[in-house]
Amino acid sequence: MRVVFLGPPGAGKGTQARILHERFGLEQISTGDLLRRNCVEQTELGRQAEGYMARGELVPDGLVIAMIERELRRLPTGFVMDGFPRNVVQAEALDALLARRGWPLDAAILFTADRPTLIARLASRWTNPRNGRTYNVLTNPPKVAGIDDDDAGELVQRDDDRAETVATRLDVYDAQTRPLIEYYRKTGKLVDVNALASVEAVAERIAAAIGTTHVPGARW
Ligand code: AMP
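Please read all numbers here as calculations on a predicted model, not as lab measurements. (Residues numbered from 1 in each chain as written. Predicted model: local features only at pLDDT ≥ 70, side-chain atom pairs only at ≥ 80, totals over all residues. Heavy atoms only, no water.)

**Student:** When you look at unusual backbone geometry in this model, what are you seeing that I'm missing?
**Tutor:** In terms of backbone geometry, most residues other than glycine have negative phi values and most peptide bonds are trans. In the segment running from Phe84 into Pro85, the intervening peptide bond is cis, with an omega of 0 degrees. Tracing the backbone through its elements, the reader meets Pro85 in the loop between strand E3 (79-82) and helix H5 (88-101). Despite not being glycine, Gln42 has its phi angle at roughly 55 degrees, a positive value. For Gln42, the location among the structural elements is in the loop between helix H2 (31-40) and helix H3 (44-55). (Helix = DSSP H or I, 4+ residues; strand = E, 2+ residues; numbered from the N terminus.)

Right, dumping it as structure tokens:
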């Protein structure tokens, strides 16, 4: 099963990718998490990427595509990609990389939500910088304020979740990522999901769309 998640920042892609991982064991690839890790570790890639990320712009395609190529080498055949592709150049590169392996995509899931809701969600989002897990302090708070339920470590607000940077990220989505909707619609693999529904309802919709069934006792 190979799935890509499309949708603006704050739509819940990371949360749902984590659920797919927990329920069905699909490997989760988040380009945002990978890039942030590179920034923390001050790798060459991290140093090249951090300015773009701080401004809310896309990191140059060549850097991100090379990173995905490295990830695909270590991945099993099933995965969910969250945050890649972000434009048509990246989508074409992914198609070429998967074609070379004989691994067609099964679905592109499009998360839809209105801009005011996304801005509000990002403003109340707290993140575990160690694994990318997020909370919403209003609708899905951690058990103890500022502390992750799982690893008991500190939660932070991402710098690029500040209002000025959020506006840029949403504009970048509209200008560069939105054209992918048409790209994937033409393949017949695009599935629209209303991202304003509850976490559980969105998860059910995605599971139904990709032809999987509920696993009793799953942790969500
Ligand atoms: P995210 O965590 O998906 O919101 O990504 C955070 C930031 O990482 C974005 O604002 C971009 O600067 C960068 N980024 C993540 N994925 C990509 C990508 N596929 N292409 C270019 N930049 C990306």
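**Student:** What am I meant to see in the sheet that holds strand E4 (residues 107-112) here?
**Tutor:** Backbone-to-backbone hydrogen bonds pair the strands of a sheet. The strands run either parallel or antiparallel. The sheet built from five strands is open, its strands ordered E2-E3-E1-E4-E7 with parallel pairing. Each edge of the open sheet carries a strand with a single partner, namely strand E2 (27-30) and strand E7 (190-194). Looking at each pair of strands side by side, their axes are set apart by 20 degrees on average, direction ignored. Where E2 and E3 come together, four bridges link them in parallel fashion. By the bridge assignment, Glu27 is partnered in E3 with Phe79. Its contacts with the sheet place H2 against E2 and E3, and it is angled at close to 65 degrees to E2. (Pairing = 2+ DSSP bridges. Axes fitted to C-alpha atoms, helices over the stretch in contact; angles between N-to-C directions. Contact = heavy atoms within 4.5 Å.)

**Student:** How should the pairing of strand E1 (residues 2-6) be read in this particular structure?
**Tutor:** Two faces make up the sheet, and in a regular strand the side chains alternate between them. When you tally the buried positions in E1, you get five out of five residues, the bulk of the element. Residue alternation in E1 divides its side chains into two sets, Arg2, Val4 and Leu6 and Val3 and Phe5, and both sets are buried. For E1 and E3, the ladder comprises four bridges, and the chain directions are parallel. The residue of E3 that forms the bridge with Arg2 is Phe79. Inspection of the sheet shows E1 paired to E4 by four bridges, in the parallel sense. Bridge assignment links Phe5 to a residue of E4, and that residue is Ile109. (Buried < 20%, exposed > 50% of the residue type's maximum accessible area, 1.4 Å probe, protein only.)

**Student:** Where do I start with the environment of Leu6 in this structure?
**Tutor:** Mapped onto the elements of the fold, Leu6 is located in strand E1. For Leu6, a relative accessible area of 2% translates into the label buried. Remark: the alpha-carbon pair of Leu6 and Asp192, spanning 186 residues in sequence, is separated by 9.5 Å. Apart from the residues lying within four places of it in its own chain, the contact partners of Leu6 are Lys13, Pro85, Ile109, Leu110, Phe111, Leu180, Tyr184 and Leu190.

**Student:** Sorry, what's going on with the packing of aromatic side chains here?
**Tutor:** Two numbers describe a pair of aromatic rings. These are the distance of the centres and the angle of the planes. Enumeration according to the criterion identifies three aromatic pairs in this entry. Ring centres 4.9 Å apart and planes at 65 degrees place the aromatic pair Phe5 and Phe111 in the edge-to-face group. You can see Phe5 sitting in strand E1 and its partner Phe111 sitting in strand E4, a full 106 residues away along the chain. A relative accessible area of 1% places Phe111 in the buried class. Each ring, one from Phe79 and one from Trp103, has its centre 6.5 Å from the other, and the planes form 50 degrees; the classification is tilted. A residue pair is termed long-range when its members are at least 10 positions apart, and Phe79 in strand E3 and Trp103 in the loop between H5 and E4 qualify at 24 residues. (Phe/Tyr/Trp six-rings, centres within 6.5 Å; stacked < 30°, edge-to-face > 60°.)

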